Amino acid sequence: MKLLIDTHTFLWFILDSANLSDDALDLLESDADLLISIASLWEIAIKVSIGKLMLPQSYNKFIAQQLKVNSIDKLPIRLSHLTMVSTLPLHHRDPFDRMIIAQAIVENLPLVSADTAFDSYPIKRLW
């Protein structure tokens with residue numbers, strides 16, 4: 001099974017946060033193929049650059065290490081994802097989350113996220 005992980009899910013997982021649900025942790029530690037959107041990595045980079053997020057090491061070193069150690073593949077942004085974003089209703093206005101929603105729809109991937117606003121879209125949210 002392939003799973004798309006939301007930005008906060010990824011951060012809570014790699015930073016060992018207690019905010020991660022037991023079910024989500026079980027999914028992330030299972031044999032599932034984990035994917036993270038390039039949009040999530042972009043969002044993290046922005047938060048680091050404006051001082052809203054601190055990582056234990058430089059962005060490049062820490063993120064690359066965590067992707068490798070946790071066998072998380074990057075999901076690129078494709079034209080089909082952008083097309084889907086252009087048709088999504090505005091239940092959720094965050095541009096990064098809208099891209100993740102579009103990717104989950106187009107790729108038919110369950111999304112591991114605590115964000116209940118995602119439930120307004122035709123995706124399977126796991127938490």
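Residues numbered from 1 in each chain as written. Predicted model: local features only at pLDDT ≥ 70, side-chain atom pairs only at ≥ 80, totals over all residues. Heavy atoms only, no water.

**Student:** In this structure, what is going on with the pattern of salt bridges? I would like to understand it.
**Tutor:** Opposite charge on two side chains lets them pair, provided their charged atoms get close. Across all of its chains, the model carries three salt bridges by this definition. Close ionic contact of E43 with K47 constitutes a salt bridge, the shortest N to O distance being 3.5 Å. Taken as a pair, E43 and K47 lie in helix α3 (residues 38-49) at a separation of four residues, close to a single helical turn. With a relative accessible area of 29%, K47 lands in the partly exposed category. Put simply, D119 and R125 hold a salt bridge, and the shortest N to O gap is 2.7 Å. We classify D119 as partly exposed; its relative accessible area is 45%. With a relative accessible area of 22%, R125 lands in the partly exposed category. (Salt bridge = Lys/Arg side-chain N within 4 Å of Asp/Glu carboxyl O. Helix = DSSP H or I, 4+ residues; strand = E, 2+ residues; numbered from the N terminus. Buried < 20%, exposed > 50% of the residue type's maximum accessible area, 1.4 Å probe, protein only.)

**Student:** Quick question: what am I supposed to make of the side chain of H8 here?
**Tutor:** Among the structural elements, H8 can be located in helix α1 (residues 7-14). A polar contact is formed between the side chain of H8 and the side chain of D6, at a distance of 3.1 Å. Of note is the side chain of H8, whose polar atom sits 3.0 Å from the backbone nitrogen of A114. Ignoring anything within four residues of it in the chain, the contact list for H8 reads S113, A114 and D115. (Polar contact = N/O pair within 3.5 Å; in protein donor to acceptor, adjacent residues only side chain to side chain. Contact = heavy atoms within 4.5 Å.)

**Student:** Would you mind going over α1 with me for this structure?
**Tutor:** Helical geometry note: an α-helix holds 3.6 residues per turn, so side chains three or four residues apart project in the same direction. A large share of α1 lies buried, amounting to seven of its eight residues. Burial in α1 covers these residues: T7, H8, T9, F10, L11, F13 and I14. Of the residues one or two after α1, D16 is the one with positive phi, at around 50°.

**Student:** Even after reading the chapter, I still don't get unusual backbone geometry, so can you show me in this structure?
**Tutor:** The general pattern is negative phi for most residues beyond glycine and trans for most peptide bonds. A positive phi angle, near 50°, is found at D16, a position not held by glycine. Looking at the secondary structure, you find D16 in the loop between α1 and α2 (22-28). Looking at D16, the relative accessible area reads 71%, which means it is exposed. At S71, a position not held by glycine, the phi torsion is positive, near 50°. As for its position among the elements, S71 is in the loop between α4 (59-69) and β3 (72-75). With relative accessibility at 55%, the residue S71 sits in the exposed group.

**Student:** Mind showing me how you'd approach the nonpolar core here?
**Tutor:** Core analysis: the biggest nonpolar cluster contains 23 residues, and I5, F10 and I63 have the highest contact counts within it. Elements that contribute at least two residues to this core include exactly β1 (2-5), α1, α2, β2 (33-37), α3 and α4. No other element matches the four residues that α1 contributes to this core. Counting 13 residues, the second-largest nonpolar core is a separate cluster that includes L35, L88, F118 and Y121. (Core = buried A, V, L, I, M, F, W, Y, C linked by side-chain atoms within 4.5 Å.)

These values are about where atoms sit, not about what they do.
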